[in-house]
Amino acid sequence: MSKLKLCIFLLGFLFFSSALKAEEMPGVAELANSTEWLKLLHYRKSFGSYKGLMNSAEFYVSPEGRYNSESEIKAEIQAFNNNEKVKCAFPARFMWLKSKGLVKGDLSDCEEYQKFMDGVKPNGVTLLFTSAYMNNPASMFGHTLIRIDTARKGTQMLAHGSNFGANSGTDTGATFALKGLFGGYEGGYNISPYWDIINTYNNIENRDIWEYRLNLTPAEQEKFVNHLYEMKKARVRYFFLSKNCSYMILELLEAVRPELDLSSKYQYWAIPLDTLKTLKDVPGLIGEANYRPARYTKIQASLKSMNKEQYQAFLQAIKQQNYEMEELSEADKPEVLETAYQYYQYRYIARDMELKDYRKNSFAVLRKRSQMPVAEEKEIAGEDPSLSHDSLQMELNGGVYNKRSFEEFVIRPAYTSLTDDDYGLIKGAGIKVMESRWRYYNQTHKAVLQKFTILGIDSLVPADRVFNRYSYKTYFGVLREYNPQTEKEIYLGDVGFGIGKTYAIADWLWMYGMLGASGQFGDRIRDKFWLGVRPEVGIFNDFGRLKSTFKVQKTFADKKFGERLKYEAEIGFGITRNLSLKLKYMSSHNYKGHNEEEFSGGLTASF
């Protein structure tokens, strides 16, 4: 054999040896079913086999990739070894297969990926939790997202954040809530500058942000960023209560650290506060926390710290544009001016002030402030939401309804009421989702579903001379109701809404008034439904561990069946953050003289 033929033979042998088909490579089948591979591609057990959580074809290389993990790993090995550019879309998978000796090469020729890494300059990962946003039902549980910390010199404002959310287009309000509840959208990841995230959540929506540093090794940090990059091609059916922002963060962390088992307990229900606590329960995973208060929080904190003269000067500044403050000492003036500047920013971002007025007023304040010495910025102490009470609540009660004794079991998947411990939550906010009340009446030996609340929200926000904010409440569900026309108890759909104002007489005493509408519907009442107007006044007391509510409602209905005068009172005493004693009283007077009266008491436990 000539030397030329020998060289050609050897080159061909080496080429075909290096290009072995994936199915001929030893151990590939075992790796395809390994925990590392299954979690990296987010496979889940489904009827005895594995199925990918992602439903977008672009997330897989093999046409059968979503339903066949072995077919997918073989297709990726083949594509990566042939130096196809597809490797650039999946850097985490490429590096993992390379660590197993199944592919060769590197990612240096992946221009878009290299540009992304140069722009991000990753130097750590931080979990972000934003407080609830009561004006948007889709955000009333809070929100979690990720920040890729940067190695750039200076502030982390230069970092990038990643958010998983529904691709809802222009849908808002009830349409968004209903479609999000029943999987009407696809969800996906986006990556944006951190300053943009701060502007959205901190400034526009006025939500506090808590930053929790994740203690990942350098190798885990690199894998996390690589995997987040390839998740740009992922599309998941978005469910507001399950496959949401918080659940997907658990999936990300399991892909990076496969030995973690975080998501299995959240297959049907994932509340941001719960997933945050799950991560804190992992030894050593959560590091130091940093609190970033919203502008509204900062203004409120400043107003509370002002003395009477400062507060009056502040009101003159924002209402009369009087910045002289002659009655104040030089030491008291800077805080008033800085708070006035923050207030103008708040109003402008809220679209409550024209640009020309914003510029005129804010520049006037800044000119005055520039003539004074720099003051030390006051630190605002926040309440860590990861230390709040747990979201799943159960009650065991006993009581008397119209001289009939009963025992009651209540289960509330989410997640708080006005008389619960509100540490780390929003004071004056009550949120109930899918709450069911089951009763056993001793005299009749009958067990019944007394009430099922699909959604109930109480949002009490004090209005004052600075912030003219509204309070509201809404509920809809099913109620077991006495029908005076037939003298029997029936089940009716029950809906209501109210809006009004709350005033803080003191920190511990709030009073409110609302005007709303209510109604009930069902086949077993005359004309199938009734509608009414319902004014309501109430009191909310907060003495720390002891909280109480008292309210009076008067319903004027288009059908006499719906007219009633109702009194309700509730006292809650916190034994621990997750355990409280509740006492309740209700009295209702119907036009036909069917009066209801109920006393009950028991324990509420959070899990």
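What you see is a predicted model; the values in this text were computed from it and never measured.

The rules behind each value
Residues numbered from 1 in each chain as written. Predicted model: local features only at pLDDT ≥ 70, side-chain atom pairs only at ≥ 80, totals over all residues. Heavy atoms only, no water. Pairing = 2+ DSSP bridges. Helix = DSSP H or I, 4+ residues; strand = E, 2+ residues; numbered from the N terminus. Axes fitted to C-alpha atoms, helices over the stretch in contact; angles between N-to-C directions. Contact = heavy atoms within 4.5 Å. Patch = residues over 30% accessible without salt bridge, like charges linked within 9 Å, V, L, I, M, F, W, Y side chains within 5 Å. Areas by Shrake-Rupley, 256 points an atom, 1.4 Å probe, with all protein chains shown as cover. Salt bridge = Lys/Arg side-chain N within 4 Å of Asp/Glu carboxyl O. pLDDT = per-residue confidence, 0-100. Buried < 20%, exposed > 50% of the residue type's maximum accessible area, 1.4 Å probe, protein only. Phe/Tyr/Trp six-rings, centres within 6.5 Å; stacked < 30°, edge-to-face > 60°.

So, on to the sheet that holds strand 6 (residues 185-193). One open sheet accounts for seven strands, arranged 8-6-5-4-3-7-9; its pairing is antiparallel. Looking at the sheet topology across the chains shown, the edges are occupied by strand 8 (236-238) and strand 9 (286-292). Pairwise comparison of adjacent strand axes, ignoring direction, gives a mean angle of 35° for this sheet. Sheet analysis places strand 5 (residues 160-166) next to strand 6, joined by seven bridges and oriented antiparallel. The residue of strand 6 that forms the bridge with serine 162 is isoleucine 191. Its contacts with the sheet put helix 9 (residues 218-230) on strand 3 (122-130), strand 4 (143-150), strand 5 and strand 6, and the angle it makes with strand 3 is roughly 65°.

For the rest of this paragraph, the subject is a nonpolar patch on the surface. There is a patch of nonpolar side chains on the surface, built from Trp508, Phe543, Leu546, Ile571, Phe573, Ile575, Leu581, Leu583 and Leu603 and spanning about 800 Å² of accessible area. For the nonpolar patch, the element with the most residues is strand 20 (residues 564-576), which contributes three residues. One can find isoleucine 571 in strand 20.

Now for the pairing of strand 14 (residues 446-459). In this structure, strand 13 (residues 429-441) lies alongside strand 14, joined through twelve bridges in antiparallel fashion. Of the residues in strand 14, the one forming a bridge with lysine 432 is glycine 456. Hairpin remark: strand 13 followed by strand 14, antiparallel, with four residues in the connecting loop; positive phi at histidine 445, about 55°. Sheet topology note: the strand 14/strand 15 (residues 471-483) ladder contains eight bridges and is antiparallel. Note on strand 15: the bridge partner recorded for glycine 456 is tyrosine 475.

The next thing to look at is the pattern of salt bridges. Scanning the entire structure with this criterion turns up 47 salt bridges. Note that lysine 584 is salt-bridged to glutamate 395, the shortest N-O span being 3.5 Å. Linking lysine 584 in strand 21 (residues 579-590) with glutamate 395 in strand 10 (residues 393-401), this pair joins segments that are 189 residues apart in sequence. Bridged by salt links that share partners, the residues Glu395, Glu408, Arg412, Glu435, Arg437, Arg439, Lys584 and Glu598 form one connected network.

Our next topic: the confidence of the model for the protein chain. The pLDDT averaged across the protein chain works out to 91; a share of 94% of its residues lies at or above 70. The element-level mean pLDDT for the protein chain is lowest in helix 1 (residues 3-18), coming to 43, with strand 10 highest at 98.

A word on the environment of histidine 227. Note that histidine 227 resides in helix 9. The class for histidine 227 is buried, based on a relative accessible area of 1%. Each C-alpha atom, one on histidine 227 and one on alanine 92, is 5.1 Å from the other, the two residues being 135 residues apart in sequence. Leaving out residues up to four positions away in the same chain, histidine 227 has contacts with Leu40, His42, Ala92, Leu252 and Ala255.

So, on to the packing of aromatic side chains. Tallying each qualifying case throughout the model produces 22 aromatic pairs. Measuring from ring centre to ring centre gives 5.0 Å for tyrosine 346 and phenylalanine 467, while their planes differ by 85°; the resulting arrangement is edge-to-face. Separated by 121 residues along the polypeptide, tyrosine 346 in helix 14 (residues 333-349) and phenylalanine 467 in the loop between strand 14 and strand 15 bring together distant segments of the chain. Of the residues examined, tyrosine 346 reaches a relative accessible area of 14% and is grouped as buried.

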